[in-house]
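# Structural overview for review
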Amino acid sequence: MKRHLKATACFLALLILIQGCSIYKTVSAPYEEAMIHNARVEVEYPDQFPVKFNRIEIIDDDIYGVKKVSGKTVKTLINREKVEKIKVKDKTASIIVSIAIPVVIIGVLVATSDRWMSI
């Protein structure tokens, strides 16, 4: 019985971790295309960690990354000259991964459940 609880706890923990998974398209999108999608974006600068934003806005030829911090909307100016890539979130792939991986894990657990019962 304890093994089943341990396996269930591990599965649920994995499920929670996967729900936060986002997959970004590897092709760098033009600024206008990233704005039209109105999706999460990841901005890559050379020699820095990627910065994630909820969306991109273009105001007076300036590009701003928009995200919520502590419940407030914050706009950050994006330096066009220093940007290496702008990646748009691939909603389809993110949904597929967050559904497919748990389904595969459930399938493996169900397929091997006979071994657990005999132990």
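Residues numbered from 1 in each chain as written. Predicted model: local features only at pLDDT ≥ 70, side-chain atom pairs only at ≥ 80, totals over all residues. Heavy atoms only, no water.

### A word on the nonpolar core
Judged by nonpolar contacts, the single largest core of 13 residues is most densely connected at Ala34, Val41, Val43, Ile56, Ile78, Val83 and Ile86. Among the elements of the structure, helix H2 (31-37), strand E1 (41-44) and strand E6 (85-88) are those that each provide at least two residues to this core. In contact with Ile56, other than residues within four places in its own chain, are Ala34, Met35, Val41, Ile63, Tyr64, Ile78 and Ile86. (Core = buried A, V, L, I, M, F, W, Y, C linked by side-chain atoms within 4.5 Å. Buried < 20%, exposed > 50% of the residue type's maximum accessible area, 1.4 Å probe, protein only. Helix = DSSP H or I, 4+ residues; strand = E, 2+ residues; numbered from the N terminus. Contact = heavy atoms within 4.5 Å.)

### As for the confidence of the model for the protein
Chain-level pLDDT for the protein is 79 on average; 87% of the residues reach the 70-or-more range. No element of the protein has a lower mean pLDDT than helix H4 (residues 113-118), at 58, and none a higher one than strand E5 (residues 72-78), at 90. (pLDDT = per-residue confidence, 0-100.)

### Considering the pattern of salt bridges
Applying the stated criterion across every chain, the model contains three salt bridges. With a shortest N-O distance of 2.9 Å, Glu44 and Lys87 are connected by a salt bridge. Highlighted residues: Glu44 in strand E1 and Lys87 in strand E6, separated in sequence by 43 residues. Exposure remark for Glu44: the relative accessible area of 15% places this residue in the buried category. Under the relative-accessibility criterion, Lys87 is labelled buried at 14%. Among the salt bridges present, the one from Lys75 reaches Glu57, with a minimum N-O distance of 3.0 Å. Here Lys75, found in strand E5, pairs with Glu57, found in strand E3 (residues 55-59); they are 18 residues apart in sequence, far enough to count as distant. Overall, Glu57 belongs to the buried group, its relative accessible area being 18%. Salt bridges here are not isolated pairs; linked through shared partners, they connect Arg55, Glu57 and Lys75. (Salt bridge = Lys/Arg side-chain N within 4 Å of Asp/Glu carboxyl O.)

### Side note on the side chain of Glu42
In this fold, Glu42 is placed in strand E1. Buried within the structure, Glu42 lacks any salt-bridge partner; its nearest side chain of opposite charge belongs to Lys87, at an N-O separation of 4.1 Å. (Lys, Arg positive; Asp, Glu negative; His and termini not counted.)

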